[in-house]
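Each chain, letter by letter, is given below.
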Amino acid sequence: MSDPVIEIRELSRRFGSSIALDHIDLCVAEGTVLGLIGPNGAGKTTLIKHILGLLRSEQGSTRVFGLDPVADPEGVLSRIGYVSEERDLPGWMRIRDLYRYTRAFFPNWDDALVTELTERFQLDVGQKVKTLSRGQHVRTALVLALAHRPPLLVLDEPSSGLDPVVRRDVLESIVHTTAQSGSTVLFSSHLLDEVERLSDRLAMIVDGRIVVHDELDGIRQRHWCFAVHYDGPGAPLANVDGVLKSKPGLSPGECEVIGEGDPEELARALTAQGVSVLERRPTTLDEVFLARIDPAHSTQTAAHRTDHAT
Amino acid sequence: MKAERALYWEYARLAWPVVMGLSIAGCALAGLYRAALEPLGERRDTLAFVAVLSTLALVSVLAMLNVRAEGLALGFERRLYRLPLPSWRLALARQISGLIATSAILLVVTLCSRLLYGVDWPIVGPVLLTAVILAWAQAISWSYADVPFLIAPACAPVAVSLFWLTRPHLRAANPYESFALTDALALGGFLGLGTVAGVLAVGLDRAGKRLIPGAFLSRRRQPGPSRRQQPLVTPRAAVLWREWMEKGRLLTAWTALAILLNLAMSGAGSPSFSADRLLSGLISWSGFMLLAGPAIAGFLHARFDLETRDPGIDRLRATLPLTNQRLAWDLLIAIQRTLGASWVVLVLSTGGALLLVGSGSRAPWMPILEAATSRPAAAGLAAVLALLWFWVIGGLVAALVLTGRTWVVGVGVFLPYGLLGLAFVTQRITGRDLLQDVAVPAAISIAPTLLGATLVGCFVAIRRQLLRPAPTVLSLLGLAMLGGLAAWQNPWIARLATTQSTDALELSVLLLLPAFACSALLPVALAPMALAWNRHR
């Protein structure tokens with residue numbers, strides 16, 4: 001197996017008293033499309049900044065292509081195409097100026113690809129960056145990120161501001177094309193359907209910790225939703241080992257439980273609490289996401305975080 | 001009136017740092033100005049003081065602290081258009097707020113100067129004049145916010161009219177010391193016109209219209225073949241191009257504008273221009289150039305339009321595939337080129353002005369030329385050292401800027417000025433000359449400090465692999481030899497060294513030029529470290 005493109009070990013970062021990243025471990029193999037999801041402020045952008053070398057590791061290590069991005073920014077950044085979530089392209093430049101400027105830094109710059117993408121994205125190269133809409137800005141940044149055919153594409157919330165048509169037809173085709181050419185893609189998003197469609201693997205980050213990192217099918221196969229019935233005031237199901245979240249069902253005396261692990265063992269553990277399992281089905285990614293970010297169960301879920309973080 | 005009250009409250013929250021910063025900077029600069037010009041018997045006061053110093057202070061504080069431009073009500077925020085208020089009320093609220101803020105700044109500075117320096121600067125006339133300038137500055141900036149290249153042409157007729165209006169007063173030692181009803185009416189009328197223009201500008205902008213030909217703008221926005229198709233071949237070319245486009249041309253144009261302003265002020269007090277008058281103006285200009293340090297740092301620290309959120313190096317630059325050493329070096333070169341261009345503008349315009357004005361029997365630059373030709377070696381070395389001096393000062397400012405930390409830039413640039421100002425104020429109040437007290441210790445420590453800082457900086461940079469050892473050592477040796485040669489050629493240094501009673505001072509004087517020459521490497525060592533600190537937070 002080839003060396004991982006991104007290898008992060010025990011990475012921690014604090015900003016003042018708040019913990020932005022807490023002992024993150026993450027390996028991304030070559031050719032993978034990894035979706036990074038998490039609520040706002042979970043640490044997605046902070047993690048990406050460490051990968052780019054814009055933040056120095058306070059604890060732990062970050063390696064990209066086997067290199068430290070802080071010690072060797074040239075070696076790392078020449079192989080990354082990056083789209084920021086912020087509108088940070090210089091507003092006074094016209095798009096053609098921006099192409100001309102950025103081209104100077106990348107020997108592999110592909111003019112034909114730039115022309116093709118510019119036409120595909122319907123960009124006017126004479127337009128000033130500060131007059132671009134959010135969607136046009138993202139498309140311009142995408143052209144810049146792709147123009148040197150980078151082996152690693154890092155997209156920080158690329159979909160925000162893009163209309164559904166562009167998102168589906170353009171962004172997704174780019175990610176697929178990039179991945180098919182053997183490149184690795186890391187993109188952060190909070191759009192679960194998009195992550196589900198685009199990525200091979202998914203890393204879910206909550207409160208600075210990776211709580212889930214697996215292939216999509218693996219995540220779906222490991223998480224289950226149970227419809228249970230109980231008599232009396234109700235059992236404290238949230239404390240049952242493997243249960244991530246329980247919520248009231250549609251009928252009185254019923255509730256839905258999201259759990260992680262072997263379904264038979266989960267069912268037995270629930271039955272042991274005096275409830276009867278009415279139905280069992282695989283969860284959607286939405287349900288896993290909501291179960292993981294629910295603060296009411298943070299204590300319980302914390303016990304599982306370390307086990308499942310890869 | 002609740003809506004206006006909310007606007008005033010918001011403005012007060014935005015403006016108080018600007019008002020405080022400009023007031024303090026104005027008082028400090030007034031002290032420096034008086035201290036520098038008092039020995040020359042200089043008496044051109046209020047208008048030059050207000051115009052040049054407040055401009056410098058404004059640019060310094062605005063750019064240095066990266067404050068929002070709305071702190072001085074320059075640049076009308078379009079978010080205000082979402083408020084359910086008619087345009088004239090929105091515009092008027094901003095105009096009145098700006099008027100209060102600028103009047104407060106001017107009052108504080110004038111009263112402080114009257115109290116501390118015993119000058120009899122008037123208040124009413126300058127305040128009204130400042131109000132007029134502000135009203136027109138607002139109107140023009142609100143009209144042409146999107147097309148800044150039109151701001152200067154738009155300012156020209158206003159500036160000429162204002163100059164014509166105030167010219168009789170500029171001839172006096174203290175402009176507007178006598179303030180007649182006719183002056184009040186003239187300035188009041190000008191203020192009213194400016195206010196109306198501002199209200200009109202906001203109304204038109206809100207309606208999507210402009211005071212410039214629409215066809216002209218639409219032609220500029222036409223897509224089409226590039227006018228600049230030639231590629232930027234190397235990363236350095238790209239960095240230089242961007243720095244020049246963003247800052248260099250602005251600073252150069254700014255220098256030219258400031259020179260013109262100062263020359264105009266020099267000539268305004270006299271019935272006619274003369275070489276003596278011009279030289280007097282240039283002497284005060286060179287004093288202002290020293291005070292322009294914060295302004296230069298401000299320009300470099302944040303772009304003039306204050307768009308960048310990461311001063312010194314933004315995300316796009318930070319993610320370019322260049323090493324810290326390479327990127328810092330390219331930025332350092334770009335910044336030096338910017339500063340160099342400003343100096344070239346200064347020298348050329350000075351020479352041109354001297355040639356134009358003439359000087360009768362004997363040209364004023366002849367003594368300098370004669371001194372230089374009598375000792376060519378010393379003059380050549382002095383010229384090299386002068387270039388090194390610009391390189392070191394510009395490079396140190398650049399290194400401060402590249403840290404990307406506003407507090408570092410603020411402390412690094414403003415602290416020396418603050419300390420100098422404090423010394424002047426202390427002398428004025430207590431009669432004790434702090435500068436004289438610290439002169440000998442400073443003279444003793446300056447050479448070892450420079451040399452020590454350079455050696456330590458180079459050592460740390462080499463350890464962090466930001467400098468290569470062999471070229472660094474060779475450069476240090478070469479520069480030390482150059483400095484030694486300059487010291488040997490300089491009779492002043494030799495005389496000073498031999499006539500000093502203190503051994504330490506004698507040694508320091510002898511070391512001064514070699515240490516200074518070596519310090520040319522200090523920016524080269526510090527800039528990559530500063531950039532790395534900024535880039536990898």
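Chemist: Would you explain the overall build of chain B in this entry?
Modeler: Check the secondary structure of chain B and you find 20 helices and zero strands. Here chain B, with 537 residues, has 47% of them falling under the buried criterion. Of the contacts formed within chain B by residues at least 6 apart in sequence, a portion of 81% connects residues at least 24 apart.

Chemist: It is not clear to me how the domain arrangement of chain A should be interpreted in this structure. Could you clarify?
Modeler: Think of interface size as the accessible area that goes away when the parts come together; that is how it is often given. Residue and element names in this part refer to chain A. According to the domain assignment, chain A consists of domain 1 (6–207) and domain 2 (223–309). Here the C-alpha centroids of domain 1 and domain 2 sit 35 Å apart. Residue-level contacts link nine residues of domain 1 with seven residues of domain 2. A per-residue breakdown of the area domain 1 buries against domain 2 is headed by Leu192, Met204 and Val206, which together make up 58% of the total. Counting every contact that joins domain 1 to domain 2 gives zero salt bridges. Counting across the interface, domain 1 meets domain 2 through zero residue pairs in polar contact (both at pLDDT 80 or more).

Chemist: Help me understand the interface of chain B and chain A in this model?
Modeler: Taken residue by residue, the interface counts 39 residues in chain B and 34 residues in chain A. By the criterion of area lost to chain A, the three top residues of chain B are B:Arg315, B:Pro321 and B:His536, representing 22% of everything that side buries. Across the chain B-chain A interface, the total number found is zero salt bridges. Summed over the shared surface of chain B and chain A, the number is five residue pairs in polar contact (both at pLDDT 80 or more). Taken together, the elements giving at least two residues each to the side of chain B that touches chain A come down to helix H8 (235–268), helix H11 (315–318) and helix H20 (521–535) of chain B. Per-element accounting of the side of chain B that touches chain A gives the leading share, seven residues, to H8(B). In terms of residue class, the side of chain B that touches chain A is built from 16 nonpolar, eight polar and 15 charged.

Chemist: Where do I start with the pattern of salt bridges in this structure?
Modeler: Should their charged atoms come close, side chains of opposite charge can pair. Residue and element names in this part refer to chain A. This model, assessed by the stated rule, comprises 17 salt bridges over all chains. Put simply, Glu287 and Arg281 hold a salt bridge, and the shortest N to O gap is 2.7 Å. Under the relative-accessibility criterion, Glu287 is labelled buried at 15%. Note on Arg281: relative accessible area 25%, which makes it partly exposed. Taken together, the shared-partner salt bridges in this structure form one network comprising Glu196, Asp217 and Arg220.

Chemist: Can you walk me through empty space enclosed by the protein in this structure?
Modeler: The gaps of empty space that remain are located by a probe, the size of a water molecule, rolled over the atoms. Counted by the stated rule, this structure contains seven cavities of 30 Å³ or more. Roughly 250 Å³ of internal volume is contained in the largest cavity. Together, 21 residues line the largest cavity, and A:Tyr82, A:Leu144, A:Ala145, B:Leu316 and B:Thr319 are the ones closest to its centre. Residue assignment for the lining of the largest cavity shows that the elements contributing at least two residues are strand S5 (80–83) and helix H5 (134–146) of chain A together with H11 of chain B. Tallied by class, residues from the lining of the largest cavity come to 12 nonpolar, six polar and three charged.

Chemist: Looking at this structure, how should I read the nonpolar core?
Modeler: Most often, soluble globular proteins keep nonpolar side chains buried together rather than apart. Grouped together as the largest cluster of nonpolar side chains are 123 residues, with contacts concentrated most on A:Ile24, A:Leu26, A:Leu47, A:Phe105 and A:Leu142. Counting residues in each nonpolar core, the second largest holds 13 residues, with B:Val132, B:Val158, B:Leu162 and B:Phe190 among its members.

Chemist: What's the story with the environment of A:Glu265 in this structure? I'm lost.
Modeler: For A:Glu265, the location among the structural elements is in helix H9 (residues 263–271). For the pair A:Glu265 and A:Gln221, spaced 44 residues apart in sequence, the C-alpha to C-alpha distance is 14 Å.

Chemist: Help me out: how do you make sense of the pairing of strand S3 (residues 33–37) of chain A in this one?
Modeler: Consecutive residues of a regular strand have side chains that alternate between opposite faces of the sheet. All names here are of chain A. Counted residue by residue, S3 has five buried out of five residues, so it is predominantly covered. Side chains Val33, Gly35 and Ile37 project from S3 onto one buried face, and the interleaved Leu34 and Leu36 project onto a second face that is buried too. Two strands pair when backbone bridges link them, and S3 and strand S7 (residues 184–189) are joined in this way by five bridges, in the parallel orientation. Within the sheet, the bridge partner assigned to Ile37 lies in S7 and is Ser189. Here S3 pairs with strand S8 (residues 201–206) via four bridges, running parallel. Note that in S8 the partner of Leu36 across the bridge is Ala203.

Chemist: Before we go on, may I ask you to explain the packing of H5(A) against helix H6 (residues 164–180) of chain A in this structure?
Modeler: In a pair of packed helices, the angle between the axes and the distance between the axes together describe the arrangement. All names here are of chain A. Following both chains from N to C, one finds H5 and H6 inclined at 10 degrees, their axes separated by 13 Å at the closest point. Relative to H6, H5 is oriented roughly parallel. On the side of H5, the interface is formed by Arg139, Leu142 and Leu146, while H6 contributes Val166, Leu171, Ile174 and Thr178. Residues that form the contact of H5 with H6 fall into these classes: five nonpolar, one polar and one charged.

Chemist: What is the right way to read the environment of B:Gly98 from this model?
Modeler: Mapped onto the fold, B:Gly98 is located in helix H3 (residues 87–117). For B:Gly98 and B:Ala15, which are 83 residues apart along the polypeptide, the C-alpha to C-alpha distance reads 8.6 Å.

Conventions and cut-offs
- Residues numbered from 1 in each chain as written.
- Chains lettered and ligands numbered in written order.
- Predicted model: local features only at pLDDT ≥ 70, side-chain atom pairs only at ≥ 80, totals over all residues.
- Heavy atoms only, no water.
- Helix = DSSP H or I, 4+ residues; strand = E, 2+ residues; numbered from the N terminus.
- Buried < 20%, exposed > 50% of the residue type's maximum accessible area, 1.4 Å probe, protein only.
- Contact = heavy atoms within 4.5 Å.
- Domains from an automatic or database assignment.
- Buried area = accessible area lost by both parts, 1.4 Å probe.
- Salt bridge = Lys/Arg side-chain N within 4 Å of Asp/Glu carboxyl O.
- Polar contact = N/O pair within 3.5 Å; in protein donor to acceptor, adjacent residues only side chain to side chain.
- Nonpolar A, V, L, I, M, F, W, Y, C, P; charged D, E, K, R; others polar.
- 1 Å grid on protein atoms, 1.4 Å probe; cavity = no way out; pocket = protein on both sides within 12 Å on 5 of 7 lines; lining within 4 Å.
- Points joined across faces, edges and corners; volume = space filled by probe spheres on them.
- Core = buried A, V, L, I, M, F, W, Y, C linked by side-chain atoms within 4.5 Å.
- Pairing = 2+ DSSP bridges.
- Axes fitted to C-alpha atoms, helices over the stretch in contact; angles between N-to-C directions.
- Parallel < 35°, antiparallel > 145°, perpendicular 65-115°, else oblique.

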